[in-house]
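Each chain, written out:
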Amino acid sequence: MQLDLFAAVLDEYLHAGNLPNEALYGSLCARGAVRPGAFQQRVPIGASGEQHSLAKRRVRWIQQTMRAMGLIERIPEQRGVWRATAKAKAELTPAQPKVVILGFHTELGIGIWGNAADVISRIDQPVSLFLTSPPYPLRQPRAYGNPGLSEYVDFITATLEPIMRTIAPGGVVALNVTNDIFVEGSPERSTYREELVLAIKRRCGLALMDTLIWHNPSKPPGPIQWASKQRMQLGVAYEQVLYFTNDPHQCKADNRRVLQPHSEAQRRLIERGGEKRHAINADGAYRLRPGSYGNATAGSIQRNVLNISHNCPSQRALRSRTDALGLPRHGAVMPLKLARLLVEFFCPPGELVVDPFAGSFTTARAAEDSGRRWICGDKHLEYVLLGKHRMESAPS
Ligand SMILES: C[S@@+](CC[C@H](N)C(=O)[O-])C[C@H]1O[C@@H](n2cnc3c(N)ncnc32)[C@H](O)[C@@H]1O
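Description of the structure in this document.

### A few points about the overall build of the protein
Thought 1: Counting its secondary structure elements, the protein contains 13 helices and 16 strands.
Thought 2: The dimensions of the protein, computed from C-alpha atoms along their principal axes, are 95 × 50 × 40 Å.
Thought 3: For the protein, with 396 residues in total, the buried portion stands at 49%.
Thought 4: Looking at the protein alone, contacts between residues at least 24 apart form 65% of all its contacts between residues at least 6 apart.
Thought 5: Here the protein displays about 19,800 Å² of accessible surface, and carbon together with sulfur accounts for 52% of that area.
Thought 6: Taken together, the 49 basic and 36 acidic charged side chains of the protein have centroids lying 3 Å from each other.

Okay, here's the thing in structure tokens:
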């Protein structure tokens, strides 16, 4: 089943209230989901050769599937009139196990409705970058559901293990993980990240290249209990991006793809031809000689602390688009600027990026905008629909 038509039908019900079939057919043609005239066209079907519209059959089949999933219901006593259920409006719709459905596609990629393990098991080409923010092991789960702390390491490594089959030599696995997990009832931070790193090394054979710090200056205050109330912790301001590879010497990451503009002071130093003095600093760790730092370079190397606010234009545009579409807001969107920097640093242009926990499809947007191919999937239909609309709109 293609999700395009499924999504269009659900979209119509979500926006229309009570919707008679004839009105639905008209809207589907008007929005280009079905070819004009297709509902009138009849062809002989089955042994009897009776004439039927294939387009109506397809829509009927989708209606029955949606009914079985509890997304639409018949209006009593009105033939051929359906409406979206409260569940369709209020809840997230999880994919059925082992079923992956093509949600949408672009020039460079495909968006899939399916569980991460099912999406990964179907990838049959070399992947240069797995970039993802898996659901965090939060004590108070988000709307999209989160594994508990005790099962978290197993959940992530079991998801990653099949990736080893498709990862290209030197390919990168980058995981955005939270810093905000504490031992229950205690200001002691959980060591789940350290356990995760060791498990990924042992079970998946991946080498840790670095732990990037994503400093988010607009992160909400926290941890409330241990920083704001008990004052034993400082306010949290960062998350981590752990990045691994299967071959450190061939790693595909390349900082020349994400050079930063020189600072004014650096620019002036280069113009002056570099240092003029001899100096030995830090007990010999740093030596200066005339001409040091005088070479003109294309830019300065990005530091491994990434200073990016999550309150960015892309997030704001996404929120208003989500509201306008009547879809649930996503509660954990990565700033597009961060995703773009990571995609460009880790993955050469034209190669394949995969995000199996795609959420609002930020990785997909970053890959598309920077000329990488991509396969991204999410377990929840509503986020795949959101991703579809996000990919259809202009980059922001
Ligand atoms: C932290 S969010 C990802 C956010 C994303 N990076 C963005 O910028 O929007 C994690 C996502 O994983 C999805 N998810 C949870 N369990 C999943 C599973 N087993 N398979 C696929 N997706 C899953 C959730 O629906 C959620 O959207």
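On we go.
### Some words on the nonpolar core
Thought 1: Of all hydrophobic cores here, the largest spans 69 residues; its most connected members are Phe-6, Leu-28, Trp-113, Leu-129, Leu-342 and Phe-346.
Thought 2: No other element matches helix α1 (residues 3–16), which puts nine residues into this core.
Thought 3: Two domains each donate at least three residues to this core, and these are domain 1 (3–90) and domain 2 (101–249 + 309–392).
Thought 4: In this view, Leu-28 contacts Leu-5, Ala-8, Val-9, Glu-12, Ala-33, Val-34, Phe-39 and Val-59; residues no more than four positions away in its chain are not counted.

### Concerning the environment of His-262
Thought 1: You can see His-262 is positioned in the loop between β11 (238–245) and α9 (264–271).
Thought 2: Separated by 134 residues in the primary sequence, His-262 and Ser-128 place their C-alpha atoms 29 Å from one another.
Thought 3: In this structure the side chain of His-262 is engaged in a polar contact, spanning 3.0 Å, whose partner is the side chain of Thr-297.

### Focus: the pairing of strand β7 (residues 109–113)
Side chains on a regular strand alternate between the two faces of the sheet.
Thought 1: Counting buried residues along β7, four of its five residues qualify, which places the element largely inside the surrounding structure.
Thought 2: Bridge count between strand β6 (residues 101–105) and β7: four bridges; the pairing is antiparallel. Paired with Ile-101 across the strands is Trp-113, a residue of β7.
Thought 3: Following β6, the chain reverses through three residues before pairing antiparallel with β7.

### Description of helix α2 (residues 21–30)
Thought 1: For α2, every residue scored as buried is listed here: Asn-21, Leu-24, Tyr-25 and Leu-28. With its buried residues spanning 100° around the axis, α2 presents them on a single face. Summarising the geometry of α2, the exposed residues directed more than 90 degrees from the buried face are Glu-22 and Ala-30.
Thought 2: Buried residues in α2 make contact with α1, β1 (19–20), α3 (54–68) and β5 (81–84).
Thought 3: Trailing α2 by a residue or two, Gly-32 shows a phi angle of about 85°, which is positive.

### Re the side chain of Thr-159
Thought 1: Note on placement: Thr-159 falls in helix α6 (residues 149–160).
Thought 2: Looking at Thr-159, the relative accessible area reads 7%, which means it is buried.

### Some points on the sheet that holds β6
The strands that make up a sheet pair up through hydrogen bonds in the backbone, lying either parallel or antiparallel.
Thought 1: Reading across the sheet, the nine strands line up as β6-β7-β16-β15-β8-β9-β11-β10-β14 and stay open at both edges, with mixed pairing between neighbours. Each end of this open sheet is capped by a strand with a single partner; those strands are β6 and β14 (305–307). For this sheet, the mean angle separating the axes of adjacent strands, direction not counted, is 20°.
Thought 2: Both strand β8 (residues 127–132) and strand β9 (residues 167–177) contribute to a ladder of five bridges, which runs parallel. If you follow Val-127 over to β9, its bridge partner there is Ile-167.
Thought 3: Of the strands in this sheet, β8, β9, β10 (207–215), β11, β14 and β15 (352–355) are in contact with helix α11 (residues 336–346), which crosses β8 at around 155°.
Thought 4: Where helix α13 (residues 381–392) meets the sheet, its contacts fall on β6, β7 and β16 (373–378), and the angle it forms with β6 comes to roughly 20°.

### Points about the pattern of salt bridges
Thought 1: Under the defined criterion, the tally for this structure stands at 17 salt bridges.
Thought 2: Here Asp-154 makes a salt bridge to Arg-203, at a shortest N to O gap of 2.8 Å. Taken together, the positions of Asp-154 in helix α6 and Arg-203 in helix α7 (residues 192–204) put the pair 49 residues apart, joining distant regions of the chain.
Thought 3: Asp-154 sits in the partly exposed class, given a relative accessible area of 47%.
Thought 4: Of the charged contacts, one joins Glu-161 and Arg-203 as a salt bridge, the two residues approaching to 3.5 Å between their closest N and O atoms. Linking Glu-161 in the loop between α6 and β9 with Arg-203 in helix α7, this pair joins segments that are 42 residues apart in sequence.
Thought 5: We classify Glu-161 as partly exposed; its relative accessible area is 33%.
Thought 6: In this structure, a network of salt bridges that share partners links the residues Glu-264, Arg-267, Arg-268 and Glu-271.

Each value, and the rule that gives it
- For every chain, the first residue of the written sequence is number 1, and numbering continues from 1 along that sequence.
- Only residues with pLDDT of at least 70 are given local features in this predicted model, and only at 80 or more are side-chain atom pairs given and counted; all residues enter the totals for whole chains, interfaces and linings.
- The basis for every side-chain value is the complete set of non-hydrogen atoms in the structure, without hydrogens or water.
- Strands here are runs of E lasting at least two residues and helices are runs of H or I lasting at least four, both read from the DSSP assignment and numbered beginning at the N terminus.
- Working definition: with a 1.4 Å probe on protein chains only, accessible area under 20% of the residue-type maximum means buried, over 50% means exposed, and in between means partly exposed.
- Contacts are residue-level and defined by heavy atoms, with any inter-residue pair within 4.5 Å sufficient.
- Accessible surface area values rest on a Shrake-Rupley calculation with a 1.4 Å probe, where residue burial reflects the displayed protein chains alone.
- We treat Lys and Arg as the positive residues and Asp and Glu as the negative residues; His and chain ends play no part in the count.
- A single reference atom marks each charge: NZ on Lys, CZ on Arg, CG on Asp, CD on Glu.
- Among buried residues, the Ala, Val, Leu, Ile, Met, Phe, Trp, Tyr and Cys ones that are joined through side-chain atoms within 4.5 Å form a nonpolar core.
- All the domain ranges listed were derived from an automatic or database domain assignment.
- For the purposes of these results, a polar contact is taken to be a pair of N or O atoms within 3.5 Å, where, inside protein, one atom must be able to donate a hydrogen and its partner to accept one; residues adjacent in sequence count only when each atom of the pair is a side-chain atom.
- Any two strands are treated as partners once DSSP identifies two or more bridges connecting them.
- Note: the arc covers the axis-to-C-beta directions of the helix.
- Note on geometry: axes are lines fitted to C-alpha atoms, helical ones only across the stretch in contact, with angles between N-to-C directions running from 0 to 180 degrees.
- When a carboxyl oxygen of Asp or Glu is within 4 Å of a side-chain nitrogen of Lys or Arg, the pair counts as a salt bridge.

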